[in-house]
Every structure is written in C-alpha cells, then in structure tokens.
Amino acid sequence: MCAVVTRVRPKRLLPRRPATGQRPGRTRNRASTWAAAGLAPALLAGGLVAAGATDSATEVELSVGSTVTLIGHGHGHGRGMGQWGAYGYARKGWTAQQILRHFYGGTTAGKVDRPEIDVTLTGQNSVNVHADAGMRVGGQTVAPGQAVSLSGGTATIRNGCGGAAVRSVPATFVEPLSMAPSRPAAEFLKFCGSEKAYRGALGVEGGRVVNRVHIDDYVKGVIPRESLPAWGDSGGAAALQAQAVAARTYALAAIAGGKKIDDTQNSQVYGGVEGEDRRTNAAADATAGQILLKNGKPAFTEFSASTGGYTAGGEFPAVVDEGDSVSPNHDWTATVSASSIGSAFGVGALQSFEVIEANGLGPEHGRALKVRAVGSGGTAEVTGEEARNKLQLKSSWFSVQGQQTPPRIVKPPTGPAGPGFGLDLGSLNQLADQLVPGASKLLDLAISVMNGRFQQLGGAAGPLGAALGSPTLTPDGAGVTQLFEKGMMFFTPATGPKVLVGKGLERFQQRGGIPVLGFPKRDALR
C-alpha cells in the first residue's frame, strides 16, 4: 500500500475507485485485496484511476467521499512525564523519585524558594467572601458571620453576605486567619452565593480576581484536575506524588519565566477546595516543598496524559515509556475525510497526504515532525503538532496508513530508560474503565461529536475561537469538557455537545459551574 502520490507501472491501470457512499468496511476489504495483488489503493480511499504509460509519479484527486486512516499513539504533546506512564510504573513498584528521574532527565531535587503564588480565577469577576472562623482585611480582624466585599481598593465589612455595612478599610486582598498551608476548613474563604471555597487569600489585581495561595495548597487543587485520584486506590500513589512535584515545579518555572498563572489549561487546571480529593491531598502533603531544578532553577516540567510509549524529547531527553501500556490511548486510529484534510490545510481537493519527517522513536517511525498535504489549490507543509491541531488528533504520533515512502528520520536527544520490572498490567480499556467506568468509550465518542460541533460552528473562525486544549474527561468521569479561546464546550451522552461563550460562560461559572448546575443543557453563544 502506498500514499496517494504513487509511481505507476507502464501500460498498467489500477482498478477504479468504488462509488461515493460505499460502506467503509467494503472499501477496506478491497484495499486489502489490491495490496495482496501488488497494486496501490490511495490511502484506503477506494483506489485511484491512473492513466498513461510513463514511469513517473502521478497525482490523482480523491473522490468527495474518500477517507484517510491514521494510525496513532498517545494523547497530548508527549513532552516530559506521561501521566499514564507514571501510573503504569507506580503499579510496577517504582517510587515517585524513580518516576521523576526517568521522565525528567538532567534535573536535581530542590525546594521551593517562594511559598506563595497568585492564581487568576477566570470564573470570578468580584470578591465578596466570608469564612466560618473569621478573616483578616486591611490589618483588621473580621468576625465569624461577617463578610467582606472589595471595590476600587476599599474593603467593606458587612453583617453577613448582603448585610449592612459595618465599616470600610483600604485593602485589595482578604486574608484567612493564617496563610500557612493545610489549614482547617473553617478558615477557607468562601464566595457569597456560590459558596465556592479557596485556601489562602482572595483579592483583586489589574481588574482580575486573584487567589494568593501557598504553593503546596495550590497543587492540592491541581492534581485531581490533571490526573485521576482513583489511582491512589489502585497502586498508583507514587504517580500522584510525582504529579504533585511536577505541578509544583511547573508553576514556579512559569512564574520565573514571566508568565501569570490562571486556573485553566493555559497554566494548569485549578479548582480550589472543591477540586480537591483526599488521595491527591495526601500526595501533595507527602511531597511538600519538593520541586525539580535544572541549572539551579525550577525546571519546566511539562507533562501530558499519554506518551504512547516514547516521550517526545525537547527540554528533557526522550525515553521509552513502558508504563504507558496501561493508557486507554496507548494505540488509536482515526479516519478523516479527504475533504476535511483539504479544508483544514487550505489546499482544496486533496490529492496526497503524507508524513515526510518523523523522529524515528517507536512504531510507525515515531512522532510526525513534518506533514505535507497536496491539493488542487496548492501544497502545505506543517509540523506534526500543527497537523494534530488542524485535524483534532489525540497526538502528533501518527502515520498515514498506506504510505509507502518512509519519512525522513530526525531523532531528538535520547536518554537511558529507567529500571524495568516486566509486569503485564493487562487490558488497557479494562483498566481505564475500572478507574473511571466507561472512560475510554465516552472520551472517544465525545472527541468525535465535539469536533463535529466545532466544525459546524465554523471552526476557529466561529464563536469559540481556536482550541486551547484537547477534550478532557471530568474527574468523576461523567462527561468531557474542552477549553477554547472564547469559551468552552461540554459533552455528556444525555446532553450532547453544548457550547458556552462570553457572558454565557461567565454566568455559568459564577453560579457554580458543573458541581452546582450540572452540565449545560443548551448553548449560550454570546
């Protein structure tokens, strides 16, 4: 089998492609028959018509209903630690330190040099809070039962939420009785109305609501949103500890680089107290203050859901990730219409699509580094990551089924693999569904449906704007969300894909979001 751009033998015609609308199963069977006969169907798209008696490459347009099958591995960019790989290694008996050394080669253990960080809360637009044990504002103590609202550099102390004003003091932050980490729940600041609780202080800076919180408390609100707490009950406590160190280090490295931290996938998903879980809190406490250093500074500890079996290299050496065998996205396939590819790459009617450079690490030549699409309107060459985003793929580790000419190999720096134990962890989907029942099927369904809805709304030019992250399973496994430049998309099998943008999304978050309202049942496109 070969790519659409193929060399045709003299005086020989290939079979005609089947009519548009032919069932995919029948097309695949015919493609297999042609391959066995030494002939060359076009990317499982139903074959191609080649005319002429020359021994030169011939480009042939695909039919409107043609499809391209991609063989892929992993979920995410694959740089740094693979979260499913960390879990797989923890199940094999690795410690958090072994996991971190394996994925973050060239780093050393270190301690935090700044205990508190500021996190912008994107779903809040004002501060009006109370605390069961009381608070502090502008150097004054606020009694239990009282509330504080901030406006224009002035804090107004009131007799409860919405109560009469008691006094006003100059202040831009409301603080708990103590800013130390791991304080009791009575000291948490809670927003009036939603009762959403946060550790640390809450204030306003530059017109945005900010949570000033100890770094160890911050990671407690991150780990459950970026990994699965249930891993702590199934032999994966070390993976959660490794995640705590990586999340803590990542935030400090971002700040050192001049980046502001918020509570979305732009930084790390952070849910405050309501996002916490006892198992991930235990991981944060067990690694309190621990970070990774590179050249004496916090390392940029990127992580991704699933490496597919080999990390991508970059900031850290690429390494084999045997632990990723437990990932529900260790292996995957995607079938994309030729018209979708042509449109996504802006080349008109697609004539050929192939990976021309790859990193050579792992099956199918490893991750795609450069991809070429040729169509009736021209040629486009993009990076593997750009192709992943254009086609909404799980990762850039993919190959084109039927491509005959191998890509040029450009290997990244590689490092030694960590110690192996050779334990078979069994079925990937069984393990995923044991942790979050129905996770693998729900995520696959959501990706397909949400991508269709995104295209229906006009893609990146529509009300959502460009995607800022991949579809992500909610911590309880009830549904899937995806963040975009101008809003979010939510999916459950019962509600279907629902889109919230602008004020609609703000209202939803202010009223408590999914924990209070459940998944949206209708769109709010403005």
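Described in the following lines is the structure provided in the data block. (Residues numbered from 1 in each chain as written. Predicted model: local features only at pLDDT ≥ 70, side-chain atom pairs only at ≥ 80, totals over all residues. Heavy atoms only, no water.)

### Some words on the overall build of the chain
- Each helix and strand in the chain was counted, giving twelve helices and 31 strands.
- Accessible area for the chain stands at about 22200 Å²; split by element, carbon and sulfur atoms hold 50% of it. (Helix = DSSP H or I, 4+ residues; strand = E, 2+ residues; numbered from the N terminus. Areas by Shrake-Rupley, 256 points an atom, 1.4 Å probe, with all protein chains shown as cover.)

### Structural notes on helix α6 (residues 278-286)
- Buried residues of α6: T280, N281, A283 and A284, and no others. Projected down its long axis, α6 carries its buried residues within an arc of 155°, all on one side.
- Of the surrounding elements, those touching the buried residues of α6 are α4 (215-226) and α5 (237-256). (Buried < 20%, exposed > 50% of the residue type's maximum accessible area, 1.4 Å probe, protein only. Arc of directions from axis to C-beta. Contact = heavy atoms within 4.5 Å.)

### With respect to the sheet that holds strand β5 (residues 108-111)
- Sheet architecture is open: three strands sit in the order β5-β19-β20, paired in antiparallel fashion. Bordering the open sheet on either side are β5 and β20 (297-298), each of which pairs with just one other strand.
- Two elements, β5 and strand β19 (residues 290-294), share four bridges in a ladder whose sense is antiparallel. What sits directly across from G110, in β19, is I291.
- Each of β19 and β20 is contacted by α5, which is oriented at about 55° to β19, the strand it contacts most. (Pairing = 2+ DSSP bridges. Axes fitted to C-alpha atoms, helices over the stretch in contact; angles between N-to-C directions.)

### What about the state of the cysteines?
- The final tally for this structure, using the stated rule, is one disulfide.
- Here C161 connects covalently by a disulfide to C192, the sulfurs 1.9 Å from one another. The sign of the S-S torsion, about -70°, decides the handedness of the disulfide formed by C161 and C192: left-handed. On the criterion of sequence distance, the pair formed by C161 in the loop between β11 (154-158) and β12 (165-170) and C192 in the loop between β14 (189-191) and β15 (197-198) is long-range, its members being 31 residues apart.
- Residue classification places C161 among the partly exposed positions, given a relative accessible area of 41%. (Disulfide = S-S within 2.5 Å.)

### A few points about the nonpolar core
- Counting residues in each nonpolar core, the largest one holds 65 residues, and the members touching the most others are I99 and Y218.
- In terms of residues, this core owes the most to one element, α5, which gives twelve residues.
- Discounting chain neighbours no more than four positions away, the residues touching Y218 are I117, V119, V213, A251, I261, Q268 and Y270.
- Formed by 23 residues, the second largest nonpolar core is a distinct cluster that contains V336, A368, A387 and F398. (Core = buried A, V, L, I, M, F, W, Y, C linked by side-chain atoms within 4.5 Å.)

### Here's the deal with the packing of α5 against α6
- As a packed pair, α5 and α6 sit with axes 8 Å apart at the nearest point and diverge in direction by 65°. You can see that α5 and α6 cross each other, and the crossing is right-handed. The segment α5 lies against α6, with L240, Q241, A244 and R248 engaging R279, T280, A283, A284 and A286.
- In the contact of α5 with α6, the residues fall into five nonpolar, two polar and two charged. (Left-handed = near helix turned anticlockwise from the far one by under 90°. Nonpolar A, V, L, I, M, F, W, Y, C, P; charged D, E, K, R; others polar.)

### Concerning the sheet that holds β15
- Read across the open sheet, the six strands follow the order β12-β11-β10-β7-β14-β15; overall the sheet is antiparallel. The open sheet is flanked by β12 and β15, the only strands paired with a single partner.
- Two elements, strand β7 (residues 128-130) and strand β10 (residues 147-151), share three bridges in a ladder whose sense is antiparallel. Residue pairing for β10: H130 is matched across the bridge by A147.

### Quick word on the packing of α4 against α6
- Relative orientation of the contacting elements α4 and α6 amounts to 140°, with a least axis distance of 9 Å. In terms of axis orientation, α4 runs oblique to α6. By crossing handedness, the relation of α4 to α6 is classed as right-handed. Counted together, D216, V219, K220, I223 and P224 of α4 and T280, N281, A284 and D285 of α6 form the full contact between these two elements.
- Its residues assigned to classes, the contact of α4 with α6 shows four nonpolar, two polar and three charged. (Parallel < 35°, antiparallel > 145°, perpendicular 65-115°, else oblique.)

### A few points about the environment of E205
- Along the chain, the position of E205 falls in strand β16 (residues 201-205).
- It is 9.6 Å that separates the C-alpha atoms of E205 and G153, two residues lying 52 residues apart in sequence.
- For E205, the contacting residues outside a window of four places in its chain are D118, F173, V210 and R212.
- Reaching out from E205, the side chain makes a polar contact with the side chain of R212 at a distance of 3.1 Å. (Polar contact = N/O pair within 3.5 Å; in protein donor to acceptor, adjacent residues only side chain to side chain.)

### Some details on the packing of aromatic side chains
- Tallied over the full model, the rule gives 13 aromatic pairs.
- Residues W84 and Y87 carry aromatic rings whose centres are separated by 6.0 Å and whose planes lie at 80° to one another, so their mutual orientation is edge-to-face. One end of the pair, W84, and the other, Y87, are both in helix α2 (residues 83-91), three residues apart, so they sit about a helical turn from each other. In this pair, the class of W84 matches that of Y87, namely buried.
- Look at Y250 and F300: their rings are 5.2 Å apart centre to centre, the planes differ by 25°, and that puts the pair in the stacked class. Placement of Y250 in helix α5 and of F300 in the loop between β20 and β21 (303-304) is noted, with a sequence separation of 50 residues between them.
- The class for F300 is partly exposed, based on a relative accessible area of 33%.
- Taken together, F191, Y198, Y218 and Y270 form an aromatic cluster joined through their ring pairs. (Phe/Tyr/Trp six-rings, centres within 6.5 Å; stacked < 30°, edge-to-face > 60°.)

As far as function goes, none of this settles anything; it's purely spatial.
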